[in-house]
Amino acid sequence: LSSSTRLQPALSAEELARLAEQIRTGVARLPEDSRHPVSVQGMSLKQGVDAFYRLRNYRPVWHDPVLLDQLLDALADLHFDGLDPDESSLSRLKQKRDQLTDLTSITARADLDLLATRSCMLALIHLYRGRLDPNQLDPQWNFPTHAMKPQAGVQALNEAVEKRQLAEVFDRARPQQPGYLHPRDGLLQLYAIENKGGWGQIADGPTLKPGMRDARVPVLRRRLVLAGVLARDRAEGKDYDAAVEAAVKRFQ
């Protein structure tokens with residue numbers, strides 16, 4: 001986070017005014033997204049970006065390094081929702097962020113602001129509505145689309161950036177059902193295990209049964225600890241005892 005703060009010097013009032021005017025011009029030139037068209041009750045993504053900036057009188061958002069870092073963190077977190085952060089241009093935004101200096105032109109800053117806003121809105125729509133249109137996958141789909149008032153969504157995003165609370169609007173966009181949140185937490189835990197080196201490989205051999213003593217059990221114990229079903233103080237030992245048996249059942 002400190003790198004973006006260092007590389008984004010504060011802009012003067014004159015520079016902010018020029019940036020706002022450049023954003024106004026840039027919004028008018030935004031193309032409609034033909035590859036991944038997104039529409040919320042008749043409002044296209046381009047129209048949503050325009051509505052957002054009109055609400056702000058085209059004032060920039062992402063020149064604020066705190067907000068930009070919050071956005072990058074939120075987009076990276078989409079990984080745990082089963083979404084591809086780069087579909088919301090995470091890598092491009094990181095590259096543009098890392099290239100910011102006090103010599104960066106107003107045009108380049110406007111391009112970054114527009115890209116960040118589009119990426120943010122696209123990610124929120126995917127979280128709230130889903131990435132795919134289920135009717136295109138199955139014509140027999142009979143569940144209603146999650147209702148969403150586009151202007152209310154634009155207002156909520158503007159309030160979030162004004163309060164520097166971007167993570168909260170992303171959290172509200174996610175489905176709140178336990179059937180979604182629990183698997184998401186599980187996926188987060190699995191990626192954490194992967195980052196620590198992954199599961200230990202357990203060698204082939206006879207089926208482990210209660211009461212057995214085997215050289216493979218310490219590896220199994222450590223795997224169960226990583227899975228959160230066996231206490232850390234039981235990570236060592238060759239005995240397939242009652243605690244290991246119970247942990248295996250919990251894991252299963």
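Here, every reference points to the structure presented above.
A quick note: this is a predicted structure, and the numbers were derived from the prediction, not measured.

Each value, and the rule that gives it
- Residues numbered from 1 in each chain as written.
- Predicted model: local features only at pLDDT ≥ 70, side-chain atom pairs only at ≥ 80, totals over all residues.
- Heavy atoms only, no water.
- Salt bridge = Lys/Arg side-chain N within 4 Å of Asp/Glu carboxyl O.
- Helix = DSSP H or I, 4+ residues; strand = E, 2+ residues; numbered from the N terminus.
- Buried < 20%, exposed > 50% of the residue type's maximum accessible area, 1.4 Å probe, protein only.
- Phe/Tyr/Trp six-rings, centres within 6.5 Å; stacked < 30°, edge-to-face > 60°.
- Contact = heavy atoms within 4.5 Å.
- 1 Å grid on protein atoms, 1.4 Å probe; cavity = no way out; pocket = protein on both sides within 12 Å on 5 of 7 lines; lining within 4 Å.
- Points joined across faces, edges and corners; volume = space filled by probe spheres on them.
- Nonpolar A, V, L, I, M, F, W, Y, C, P; charged D, E, K, R; others polar.
- Core = buried A, V, L, I, M, F, W, Y, C linked by side-chain atoms within 4.5 Å.
- Polar contact = N/O pair within 3.5 Å; in protein donor to acceptor, adjacent residues only side chain to side chain.
- Axes fitted to C-alpha atoms, helices over the stretch in contact; angles between N-to-C directions.

Visitor: Can you explain the pattern of salt bridges? Please cite residues and give values.
Guide: In total, this model carries 17 salt bridges according to the counting rule given. E21 is the partner of R24 in a salt bridge, and the nearest nitrogen-oxygen pair spans 3.5 Å. Taken as a pair, R24 and E21 lie in helix 2 (residues 13-29) at a separation of three residues, close to a single helical turn. Using a relative accessible area of 37% as the deciding quantity, one classes R24 as partly exposed.

Visitor: Which residues make up the packing of aromatic side chains, and what values go with them?
Guide: Throughout the structure, instances matching the rule amount to three aromatic pairs. Centre to centre, the rings of F52 and Y53 are 5.4 Å apart; their planes meet at 70 degrees, and the pair counts as edge-to-face. For the pair F52 and Y53, one class covers both residues: buried.

Visitor: I'd like to hear about the environment of A243, residue by residue, with values.
Guide: Looking at the element boundaries, A243 is found in helix 12 (residues 242-251). Setting aside residues up to four positions removed in sequence, A243 forms contacts with L230, R234 and R250.

Visitor: Before we move on, could you go through empty space enclosed by the protein and cite the residues and values that matter?
Guide: Counted by the stated rule, this structure contains two cavities of 30 Å³ or more. L78, L83, D84, E87, S88, A123, H126 and R131 together form the lining of the second largest cavity. For the lining of the second largest cavity, the per-class residue count stands at three nonpolar, two polar and three charged.

Visitor: So what about the nonpolar core? Which residues, and what values?
Guide: Y53, W62, L71, L166 and F170 are the most contacted members of the largest nonpolar core, which has 46 residues in total. Taken together, the elements giving at least two residues each to this core come down to helix 2, helix 3 (45-55), helix 4 (65-76), helix 5 (90-98), helix 6 (106-129), helix 8 (150-162) and helix 9 (166-173). Counting residues in each nonpolar core, the second largest holds 13 residues, with L208, V217, L224 and V244 among its members.

Visitor: I'd like to hear about the side chain of R109, residue by residue, with values.
Guide: If you trace the backbone, R109 turns up in helix 6. Among the polar contacts listed, one links the side chain of R109 to the backbone oxygen of T101, at a separation of 3.0 Å.

Visitor: Describe the packing of helix 8 against helix 9, and please don't skip the residues or the numbers.
Guide: One can describe the packing of helix 8 onto helix 9 by two numbers: an axis separation of 7 Å at closest approach and a directional angle of 145 degrees. Counted together, A156, L157, A160 and V161 of helix 8 and L166, V169 and R172 of helix 9 form the full contact between these two elements. The residue makeup of the contact of helix 8 with helix 9, split by class, is six nonpolar, no polar and one charged.

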